[in-house]
Amino acid sequence: DAKTTQPPSMDCAEGRAANLPCNHSTISGNEYVYWYRQIHSQGPQYIIHGLKNNETNEMASLIITEDRKSSTLILPHATLRDTAVYYCIVRVPPGNQFYFGTGTSLTVIP
Amino acid sequence: GAVVSQHPSWVICKSGTSVKIECRSLDFQATTMFWYRQFPKQSLMLMATSNEGSKATYEQGVEKDKFLINHASLTLSTLTVTSAHPEDSSFYICSAREAGAVQETQYFGPGTRLLVL
């Protein structure tokens, strides 16, 4: 079962920052938080992951709260191509499987 | 890097036939691959975990005799849907985890759309 909860949908104006929240209150100390996105009819695309420090790459930034019970994915300048379903995932030991929740459907508006 | 391919990208078959879907890691070795199924407007559902050289581990409610998984090499896993029926029509997606990687990032294939008539 998914260990995360996300809002079902969000809108963001093109060019603005998109901030996507995720709650993972039952996360354990050594479990990473992963973010993926799925554009319609494609396989999920890896975005970023983190443990407890904030992370940034060419796609996005990941802010993890100090208690690690929630995180926020930030797309700094959203474009129309960022319209997708965004999934926040905490892997489940011992097999480290990914169980997908319902994700957040982000719509970037021109 | 970290590219995963699937073949075929889509397939239409008659009810009662078997369909094989291939998942390949193109530029890395994967000791573990995963198979997911996604119905329209739903999230991905994990079907099974495939480990190279050993039997797959199936999630609760997934029939192992119907969804045969083989992971014979570090770059290839196959999913065979046996005696397919219309209710098996779905989007099947695989992912692969790099062998020896400290972090457990999964890289996903583009998916295979199966339509059973």
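Here's what I pulled together on the structure shown here.

Rules and cut-offs
- Residues numbered from 1 in each chain as written.
- Chains lettered and ligands numbered in written order.
- Predicted model: local features only at pLDDT ≥ 70, side-chain atom pairs only at ≥ 80, totals over all residues.
- Heavy atoms only, no water.
- Core = buried A, V, L, I, M, F, W, Y, C linked by side-chain atoms within 4.5 Å.
- Buried < 20%, exposed > 50% of the residue type's maximum accessible area, 1.4 Å probe, protein only.
- Helix = DSSP H or I, 4+ residues; strand = E, 2+ residues; numbered from the N terminus.
- Pairing = 2+ DSSP bridges.
- Axes fitted to C-alpha atoms, helices over the stretch in contact; angles between N-to-C directions.
- Salt bridge = Lys/Arg side-chain N within 4 Å of Asp/Glu carboxyl O.
- Contact = heavy atoms within 4.5 Å.
- Lys, Arg positive; Asp, Glu negative; His and termini not counted.
- Polar contact = N/O pair within 3.5 Å; in protein donor to acceptor, adjacent residues only side chain to side chain.
- Phe/Tyr/Trp six-rings, centres within 6.5 Å; stacked < 30°, edge-to-face > 60°.
- Lys NZ or Arg CZ within 6 Å of the ring centre and 35° of its normal.

Counting 24 residues, the largest nonpolar core has B:W35, B:F67, B:L79, B:Y92 and B:L114 as the members making the most contacts within it. Elements with a minimum of two residues in this core: β2 (10–13), β3 (19–25), β4 (30–38), β5 (45–51), β7 (67–73), β8 (76–81), β9 (90–98) and β11 (112–116) of chain B.

Attention now goes to the sheet that holds strand β1 (residues 4–7) of chain B. All names here are of chain B. Read from one edge to the other, the open sheet built from four strands follows the order β1-β3-β8-β7, with strand pairing classed as antiparallel. The sheet is open, and its two borders are formed by β1 and β7, each paired with just one other strand. Across the sheet, the axes of successive neighbouring strands diverge by a mean angle of 15°, strand direction being ignored. Bridge count for β3 against β8 is six bridges, and the pairing is antiparallel. Looking at the pairing, R24 lines up with L76 of β8.

Our next topic: unusual backbone geometry. Along the chain, B:H7 connects to B:P8 via a cis peptide bond; the corresponding omega equals 0°. Phi at A:R68 is positive, roughly 65°, even though this residue is not glycine. Looking at the element boundaries, A:R68 is found in the loop between β6 (61–64) and β7 (70–75). Judged by relative accessible area, which is 8%, A:R68 ranks as buried. Of note in the backbone geometry, B:K41 takes a positive phi value of approximately 60° without being a glycine. Examined against the element boundaries, B:K41 turns out to sit in the loop between β4 and β5.

Our next topic: the pattern of salt bridges. All names here are of chain A. Using the criterion set out here, one finds four salt bridges over all chains in the structure. We note a salt bridge from E31 to K3, for which the minimum N-O separation is 2.9 Å. Taken together, the residues E31 in the loop between β2 (18–23) and β3 (33–38) and K3 in the segment before β1 (9–13) connect sequence positions 28 residues apart. Note that D82 is salt-bridged to R37, the shortest N-O span being 2.8 Å. On the criterion of sequence distance, the pair formed by D82 in the loop between β7 and β8 (84–90) and R37 in strand β3 is long-range, its members being 45 residues apart. Both residues of the pair, D82 and R37, count as buried.

Attention now moves to the environment of B:I12. Residues and elements named next belong to chain B. Among the secondary structure elements, I12 is positioned in strand β2. Each C-alpha atom of the pair I12 and M47 lies 21 Å from the other, and the pair is 35 residues apart in sequence. Dropping the residues within four chain positions of it, I12 is found in contact with L115 and L117.

Attention now goes to the side chain of B:R37. Positionally, B:R37 belongs in strand β4. One buried charged residue, B:R37, remains without a salt bridge, the closest side chain of opposite sign being B:D88 at 4.5 Å.

A word on the side chain of A:Q6. All names here are of chain A. Position of Q6 among the secondary structure elements: in the segment before β1. By relative accessible area, which is 13% here, Q6 ends up buried. Reaching out from Q6, the side chain makes a polar contact with the backbone oxygen of Y86 at a distance of 3.0 Å. Polar side-chain contacts of Q6 include one of 2.9 Å to the backbone nitrogen of C88.

Applying the stated rule across the entire model yields twelve aromatic pairs over all chains. Ring centres of A:Y87 and A:F100 lie 5.0 Å apart, and the angle between their planes is 85°; on these two criteria the pair is classed as edge-to-face. Here A:Y87 is found in strand β8, whereas its partner A:F100 is found in the loop between β8 and β9 (104–109), with 13 residues between them in sequence. Arranged with centres 6.4 Å apart and planes meeting at 40°, the rings of B:F67 and B:Y92 form a pair that is tilted. Taken together, the residues span a long stretch of sequence, with B:F67 in strand β7 and B:Y92 in strand β9 at a distance of 25 residues. With a relative accessible area of 4%, B:F67 lands in the buried category. One aromatic cluster is present, formed by A:Y32, A:Y34, A:Y36, A:Y46, A:Y87, A:F98, A:F100, B:F28, B:Y36, B:Y107 and B:F108 through successive ring pairs. Across the ring face of B:F91, the terminal group of B:R113 is positioned such that the distance to the ring centre comes to 4.3 Å.

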